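Descriptive structure summary
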Amino acid sequence: MALYVKKFGGSSVATPEKMLNIANRVLRDRKPGDKIVIVVSAMGDTTDDLLDLASQVSSVNHGREMDMLLATGEQMSIALMAMTFRKLGVPAISLTGPQAGIIAGGAYGKATIDDVKPDRVLRELEEGKIVIVAGFQGLMPNGDVATLGRGGSDATAVALAGAMHADMCEIFTDVDGIYSADPRHVKGCVKMKEITNTEMLEMARLGAGVMQPRSVELGMKYHIPIHVRSTFTDEEGTIIREVCTMDGKNEAVRGVAQDAHAARIAVLGLRNIPGVAYMVFSALAEDNITVDMIVQSVRNSNDDKTDIIFTIEDTDLPDAKRVLEQMRDEGKLEEVIYDDDTAKVSVVGAGMLGTPGVAARMFGALGRAGVNIDIVSTSEISISCLILRKDLDKAVQAIHDEFFPAAKAE
């Protein structure tokens, strides 16, 4: 007897036929006494369709009302999935995020899960039901529903699994595991049997879309293994866990991540005095804008001017422009340059800590591919380069070929 939380994404539940396939698979795999919670996203392109409808009404993102609209996508999925199980003679119940005890905080459109109170879910499981929970949404302190941002359904599933002490959280998606790079863009990718939480968190933070960073953090917090696998095959996928076996341990670089959603901002001519960086970044933080790569430099040793260059997600660019242009109008900034034609490519691996030459090999691969580097950022287990967006595909392929030559040969 075990407790499983299984998450299925939008492509997996895109049609009633696909929902029926999921229901049959879950029932086929279920052992006597197993308790099953299923977290689902909105069907297919439903979220994009809802966003398009909203744009026809208003060009302004009305945060609360937008979340009220977008939350209906998942609610449609859970009701249809529960009906599918009942049609098969299996008791099931659908619950919204708030009904399932997902407590959210932060801003509309990109709220975070602050707490999980799964009492209702546990009661329904005790009554022998399969529980279908809406991902991507939670309950704000004021009683409103809020959406959790990109990959929010993954976060819902992992948080529920942790709060209920589940045996495993399974993330079913359109790929059959976690690869050394995105197989949709890079030839010769290698599927990993397992990867550490730390490495996966860094890859997700740097653009690996297979998992949301917050989901991996929740897995670390609750010590829940996460199995990323395909909806459409029975093959084993990749398990994200705290400690791995020797699989991949000797590789300095475990994966190459890419992010085509980076925007570059340069704040020029700031006074080179204490507190100037705080002035800029605190204003952005107040608007819930996350900053990533940061470079600050004095123009020359005798100059009292400094430039700050940093990156944000391109979806945050309109809000960042509003904040920074207001500061410029108030005389706090002199010049701001915005560039929405950039991308980020990164290498990740815990083995980099004791391996010299990784940066040189990465830069060499980019140079041979004719890719210019704008900004470089490093952590203990990653190196990231900001490049032109048009160069992203060839940059990722060149770096992957450098660190995974055997895969290239195959």
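For the structure itself, consult the block above.
A brief structural summary. Predicted, not measured: the structure shown is a model, and the values here were computed from it.

A look at the overall build of the chain
Of the regular secondary structure elements, the chain holds 12 helices and 18 strands. Against the 2.2 N^0.38 benchmark of 22 Å for 410 residues, the chain shows a C-alpha radius of gyration of 23 Å, consistent with a compact globule. Considering only C-alpha atoms, the chain reaches an extent of 80 × 55 × 35 Å along its principal axes. Per-residue burial for the chain yields a buried fraction of 51% across its 410 residues. Entry remark: accessible area of the chain is about 18800 Å², with carbon and sulfur atoms responsible for 51%.

A look at the side chain of glutamine 137
Among the secondary structure elements, glutamine 137 is positioned in strand β7 (residues 137–139). A polar side-chain atom of glutamine 137 sits 3.3 Å from the main-chain carbonyl oxygen of alanine 71. Among all residues touching glutamine 137, those that are not within four sequence positions of it are Ala71, Glu74, Gln75, Thr96, Gly97, Pro98, Ile102, Val145, Ala146, Thr147, Leu148 and Thr156.

Observations regarding the packing of helix α6 (residues 197–205) against helix α7 (residues 213–222)
Where α6 meets α7, the axes come as close as 8 Å, and the angle between the chain directions of the two elements is 165°. Classified by the angle between their axes, α6 and α7 sit roughly antiparallel to one another. As for how α6 packs across α7, the hand of that crossing is left-handed. The residues of α7 that touch α6, namely those facing Asn197, Thr198, Met200, Leu201, Ala204 and Arg205, are Pro213, Val216, Glu217 and Met220. Classifying every residue of the contact of α6 with α7 gives 6 nonpolar, 2 polar and 2 charged.

Quick notes on the pairing of strand β15 (residues 305–313)
Taking burial as the measure, the 9 residues of β15 include 7 buried ones, the bulk of the element. Where strand β13 (residues 255–271) and β15 come together, 8 bridges link them in antiparallel fashion. Residue pairing across strands places alanine 266 opposite isoleucine 309, the latter belonging to β15. Sheet topology places strand β14 (residues 294–298) next to β15; 5 bridges connect them, and they run antiparallel. Each residue of the ladder has a partner; that of glutamine 296, found in β15, is isoleucine 308.

A closer look at the pattern of salt bridges
Taken as a whole, this structure holds 36 salt bridges when the rule is applied. Between glutamate 65 and arginine 64 there is a salt bridge whose closest N-O contact spans 2.8 Å. For glutamate 65, a relative accessible area of 46% puts it in the partly exposed group. The shortest N-O distance in the salt bridge between arginine 264 and aspartate 374 comes to 2.6 Å. With arginine 264 in strand β13 and aspartate 374 in the loop between α10 (358–368) and β17 (375–379), this pair connects stretches of sequence that are 110 residues apart. Among the residues examined, arginine 264 registers a relative accessible area of 15% and is labelled buried. Judged by its relative accessible area of 40%, aspartate 374 is partly exposed.

What about empty space enclosed by the protein?
Evaluated as defined, the whole model comprises 1 cavity of 30 Å³ or more. Approximately 30 Å³ is the volume attributed to the largest cavity. At the level of secondary structure, the elements contributing two or more residues to the lining of the largest cavity comprise β5 (112–116) and α7. Grouping the constituent residues of the lining of the largest cavity by class yields 4 nonpolar, no polar and 4 charged.

Rules used in this analysis
- Residues numbered from 1 in each chain as written.
- Predicted model: local features only at pLDDT ≥ 70, side-chain atom pairs only at ≥ 80, totals over all residues.
- Heavy atoms only, no water.
- Helix = DSSP H or I, 4+ residues; strand = E, 2+ residues; numbered from the N terminus.
- Rg over C-alpha atoms; globule rule 2.2 N^0.38 Å.
- Buried < 20%, exposed > 50% of the residue type's maximum accessible area, 1.4 Å probe, protein only.
- Areas by Shrake-Rupley, 256 points an atom, 1.4 Å probe, with all protein chains shown as cover.
- Polar contact = N/O pair within 3.5 Å; in protein donor to acceptor, adjacent residues only side chain to side chain.
- Contact = heavy atoms within 4.5 Å.
- Axes fitted to C-alpha atoms, helices over the stretch in contact; angles between N-to-C directions.
- Parallel < 35°, antiparallel > 145°, perpendicular 65-115°, else oblique.
- Left-handed = near helix turned anticlockwise from the far one by under 90°.
- Nonpolar A, V, L, I, M, F, W, Y, C, P; charged D, E, K, R; others polar.
- Pairing = 2+ DSSP bridges.
- Salt bridge = Lys/Arg side-chain N within 4 Å of Asp/Glu carboxyl O.
- 1 Å grid on protein atoms, 1.4 Å probe; cavity = no way out; pocket = protein on both sides within 12 Å on 5 of 7 lines; lining within 4 Å.
- Points joined across faces, edges and corners; volume = space filled by probe spheres on them.

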